[in-house]
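Chain by chain, the residues:
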Amino acid sequence: MTTPTLNPTAQARADELLSLMTVEEKAGLLFHAMASVGPGGKVLGADDEPGIGGPTRQLIEAGISHFALMGPASPEDIARWHNEAQDIAKQNRLSVPITVSSDPRHGFFSNPATGAAASGFSQWPEHLGLGAVRDVNLVREHADIVRRELTAVGIRVALGPTLDIASDPRWARTLGTFGADPEIVSTLSRAYIEGLRGTSPAEEVAAMIKHFPGGGAQKDGEDPHFPYGREQVWPGDRFKDHLQPFIDALDLGVTQIMPYYGMPVGLHLNGKPVEEVGFAFNGQIINELLRDQLGFDGIVCTDFTLVTDGHVFGAPMLARAWGLEHLNRAERVLAILNAGCDQLGGEASQELVVKLVTDGRLSEARLDESARRLLTEKFRLGLFDNAEVDVDAVASGVGTPKNTAKGLAAQRSSIVVTDDAESFLPLTEGISVYAEGIDPATLSRYAQVAASPSEADTALLRIEAPYEERTEGMERFFRAGSLDFTKSQLERLTTIQSQVPTIVDVFLDRPALLGQLSSRVQAVTVNFGASDEALLDILFGRVERRGALPFEISQSMEQVASRREDVSFEDETPRYSYGHGIPSPHRPPYEATQEQHS
């Protein structure tokens, strides 16, 4: 197994700096805190209105030097924030520069825990949409543009790509994956990692691949952000399928990796049962499997908030110490480090590490091991040599017309047209269209805008895939549970369709039961993050159709419930098969490349 390629000079500089550091300064490296951008790009302090992650200025002054930016912000404000944060860090004794990371910022869907919608960056389909196109060249080009736009504002670590297999249709994190086929996930993930590389580490956005060893096999499709979803299961014995994309990515020499929250239930490795504790606390998963068997010697950063309970959006949020809920905060930190992790995501409690060393429960040699990896990465990325960015150049390098056009083209390519629409499309330009969920001004460039269904030649409705409303706080942003469309949604469609032929376009963040729609309307299309313009270009035949479903879609919730959580393709008679989609005549649903065939 290929280990991360580390510059000997970076290692030597890291060792030299490490020899000068106090225990407190080393401990600060082990925390990957959260931060939000203040008004005008301000770094928030204790006297400001509180932001996500607390007073960033004071955290930097205390020695925290890794931050994940949370929430929306303009590219210019992120760049200003970055430079101010670096200026604050320079005032510390050793002037260790800040490393800034982010979840995806180039899509349509915004979830405070998983990514922000594009705001000033070029806008692309979500990763599931790239899985619907399955073009490695497109994915590599997309990631290269992401790299150039992120480095322009100072973001040097991508919290991704997500290498999880979307095997259970109910799982709320499906949208961030490349789909349900392990081979395609591996191929596209590798292309994405290559695109983030650039031509040298100084131009690179380091990929923190996640969620090791694969997070898609969640019991009942629930998510381990929450106690009821903490269990991961493999009733189909497909653990190797979920692990394979990580093995393939490690061959590229990635330097950072993130385990998931879940705790394995009933898993055996090397003939032994795996302890039923969260992956980041699990020495059999991190030390034995990842480090010893797979040979990974890079940074392992936990998923966020495994140690400290808190409140999120007005609701309690338990630390995700699954299987070890009885431990106190210091004991949880010790368990994470003993398991082989280097860094705690979403935490900022270096005093816990200092006390563990002072009490003799954590050796300074073990602390040095992780601190060395983290410092080496800062040197490798060139942060000590050139930390600041050019704020004035952001406008000419981020969200440019060229990049925006490429994102729009990818949106078009990712839209899937189902078979019921074959005889109904393309629409004729200039017809009268009644629309819901579409900007009338955009529609007017293609058709006459009708005020009611009875006045139209066609109705066009854009809706979202169904999900169960959850209670409060972070749960509200995780679309989980039933895949049935609601009674009111279906009745609305029936009412409109009784007056005029109807097309429904669905934002398909999970494999909703589209058969419930296709029996009621003339045509169904799906998108994974696409503008009105992208959809209308497809419907009116201005561009060729390419998208194909990145998962299969079941007939009913009974069929979904009968599936095994770790098996991607188990429906004997799915309503729509994996790869379903009606391309333009004489064109394949995606461009197969030599790499895909191999």
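For the structure, check the block above.
A.B. asks: Honestly, the sheet that holds strand E18 (residues 458–464) in this entry has me stumped. Any pointers?
C.D. replies: The strands making up a sheet associate through backbone hydrogen bonding, with each pair oriented either parallel or antiparallel. Taken in spatial order, the six strands make up an open sheet running E15-E20-E19-E18-E16-E17, and their pairing is mixed. Edge positions in the sheet fall to strand E15 (416–417) and strand E17 (448–449), since each has one partner strand and no second. Where strand E16 (residues 432–436) meets E17, two bridges bridge the pair, whose relative direction is parallel. Opposite Ser-432, over in E17, you have Gln-448 as the bridge partner. In the packing of helix H16 (residues 487–497) onto the sheet, the strands contacted are E16, E18 and strand E19 (502–507), and the crossing angle to E18 comes to about 170 degrees. Where helix H18 (residues 532–539) meets the sheet, its contacts fall on E15, E18, E19 and strand E20 (523–527), and the angle it forms with E18 comes to roughly 135 degrees.

A.B. asks: What should I look at first to understand the nonpolar core in this one?
C.D. replies: One recurring pattern in soluble globular proteins is that nonpolar side chains are buried together. Counting residues in each nonpolar core, the largest one holds 129 residues, and the members touching the most others are Phe-67, Trp-81, Ile-209, Phe-212 and Ile-285. With eight residues, helix H6 (residues 136–153) is the single largest residue contributor to this core. Dropping the residues within four chain positions of it, Ile-285 is found in contact with Phe-212, Pro-213, Leu-267, Leu-269, Val-274, Phe-279 and Leu-290. In this structure, Phe-485, Ile-496, Leu-508 and Leu-514 belong to the second largest nonpolar core, which totals 31 residues.

A.B. asks: Which parts of the structure should I look at to understand the side chain of His-580?
C.D. replies: Here His-580 shows up in the loop between helix H19 (557–561) and helix H20 (594–597). A polar atom in the side chain of His-580 sits 3.1 Å from the backbone nitrogen of Asp-419. Apart from the residues within four sequence positions on either side, His-580 is in contact with Val-416, Thr-418, Asp-419, Gly-547, Ala-548 and Leu-549.

A.B. asks: What is the right way to read empty space enclosed by the protein from this model?
C.D. replies: Any empty space left between the atoms is revealed when a probe the size of a water molecule rolls over them. Under the counting rule described, the total for this entry stands at four cavities of 30 Å³ or more. For the largest cavity, the calculated volume is near 470 Å³. Along its surface, the largest cavity is lined by 32 residues, and Pro-104, Thr-114, Gly-115, Glu-126 and Gly-176 are the ones closest to its centre. A total of three residues in the lining of the largest cavity trace back to one element, the largest contributor, which is H6. For the lining of the largest cavity, the residue count by class is 14 nonpolar, 11 polar and seven charged. Taken as a whole, the second largest cavity spans an internal volume of roughly 60 Å³.

A.B. asks: So what exactly am I meant to see when it comes to unusual backbone geometry here?
C.D. replies: Of all residues except glycine, most have a negative phi; of all peptide bonds, most are trans. Going from Lys-210 to His-211, the amide bond is cis rather than trans, its omega being 0 degrees. Along the chain, His-211 falls in strand E5 (residues 206–212). A cis amide bond links Leu-425 with the next residue in sequence, Pro-426, at an omega value of 0 degrees. Residue placement: Pro-426 occurs in the loop between E15 and E16. In this structure, Asp-220 is a non-glycine residue whose phi angle is positive, near 60 degrees. Within the element layout of this structure, Asp-220 appears in the loop between E5 and strand E6 (231–232).

A.B. asks: Hey, could you run me through the pairing of E16 in this one?
C.D. replies: Successive residues of a regular strand alternate their side chains across the two faces of the sheet. Relative to E18, E16 runs parallel, the two sharing four bridges. Pairing of Val-433 across the sheet is with Thr-458, part of E18.

A.B. asks: Explain the packing of aromatic side chains here, please?
C.D. replies: Each aromatic ring pair is characterised by the separation of its centres together with the angle its planes make. In total, this model carries 13 aromatic pairs according to the counting rule given. Note on Phe-226 and Tyr-228: the rings are 5.6 Å apart at their centroids and 20 degrees apart in plane angle, and the pair reads as stacked. Its relative accessible area of 5% is what places Phe-226 among the buried residues. For Tyr-228, a relative accessible area of 40% gives the class partly exposed. Here the aromatic rings of Trp-234 and Phe-239 are separated by 5.5 Å at their centres, their planes lie at 80 degrees, and the arrangement is edge-to-face. Each of the two residues, Trp-234 as well as Phe-239, counts as buried. By way of ring pairs, the aromatic residues Trp-171, Tyr-260 and Tyr-261 are connected into one cluster. The aromatic ring of Tyr-576 is capped on one face by Arg-575, whose charged end is 4.3 Å from the ring centroid.

A.B. asks: Quick question: what am I supposed to make of the state of the cysteines here?
C.D. replies: Each disulfide consists of one covalent bond between the sulfur atoms belonging to two cysteines. Overall, the coordinates contain zero disulfides when judged by the stated rule. Here Cys-301 is not cross-linked by a disulfide; its sulfur's nearest cysteine counterpart is in Cys-341, at 8.4 Å.

A.B. asks: When you look at the layout of surface pockets in this model, what are you seeing that I'm missing?
C.D. replies: If you add up the space inside the largest pocket, you get close to 700 Å³. Forming the boundary of the largest pocket are 36 residues, of which Met-34, Ile-52, Thr-305, Val-312 and Gly-346 lie nearest the centre. Going through the elements one at a time, strand E1 (31–35), E5 and strand E12 (310–312) are the ones with two or more residues in the lining of the largest pocket. Looking at the lining of the largest pocket, the element that brings in the most residues is E12, giving three residues. The class makeup of the residues in the lining of the largest pocket is 18 nonpolar, 11 polar and seven charged. A volume near 330 Å³ is recorded for the second largest pocket. The set of elements that each furnish at least two residues to the lining of the second largest pocket consists of helix H8 (239–250), strand E9 (268–269) and helix H9 (284–293). Of the residues belonging to the lining of the second largest pocket, the class tally is nine nonpolar, five polar and three charged.

A.B. asks: Got a minute to help me understand the environment of Asn-92 in this structure?
C.D. replies: Position of Asn-92 among the secondary structure elements: in the loop between helix H4 (75–90) and strand E3 (99–102). Judged by relative accessible area, Asn-92 falls into the partly exposed class, the value being 22%. Sequence separation of Asn-92 and Glu-61 is 31 residues, and the distance between their C-alpha atoms is 6.5 Å. Excluding anything up to four places from it in sequence, Asn-92 contacts Ile-60, Glu-61 and Gly-63.

Procedures and definitions
- Residues numbered from 1 in each chain as written.
- Predicted model: local features only at pLDDT ≥ 70, side-chain atom pairs only at ≥ 80, totals over all residues.
- Heavy atoms only, no water.
- Pairing = 2+ DSSP bridges.
- Helix = DSSP H or I, 4+ residues; strand = E, 2+ residues; numbered from the N terminus.
- Contact = heavy atoms within 4.5 Å.
- Axes fitted to C-alpha atoms, helices over the stretch in contact; angles between N-to-C directions.
- Core = buried A, V, L, I, M, F, W, Y, C linked by side-chain atoms within 4.5 Å.
- Buried < 20%, exposed > 50% of the residue type's maximum accessible area, 1.4 Å probe, protein only.
- Polar contact = N/O pair within 3.5 Å; in protein donor to acceptor, adjacent residues only side chain to side chain.
- 1 Å grid on protein atoms, 1.4 Å probe; cavity = no way out; pocket = protein on both sides within 12 Å on 5 of 7 lines; lining within 4 Å.
- Points joined across faces, edges and corners; volume = space filled by probe spheres on them.
- Nonpolar A, V, L, I, M, F, W, Y, C, P; charged D, E, K, R; others polar.
- Phe/Tyr/Trp six-rings, centres within 6.5 Å; stacked < 30°, edge-to-face > 60°.
- Lys NZ or Arg CZ within 6 Å of the ring centre and 35° of its normal.
- Disulfide = S-S within 2.5 Å.

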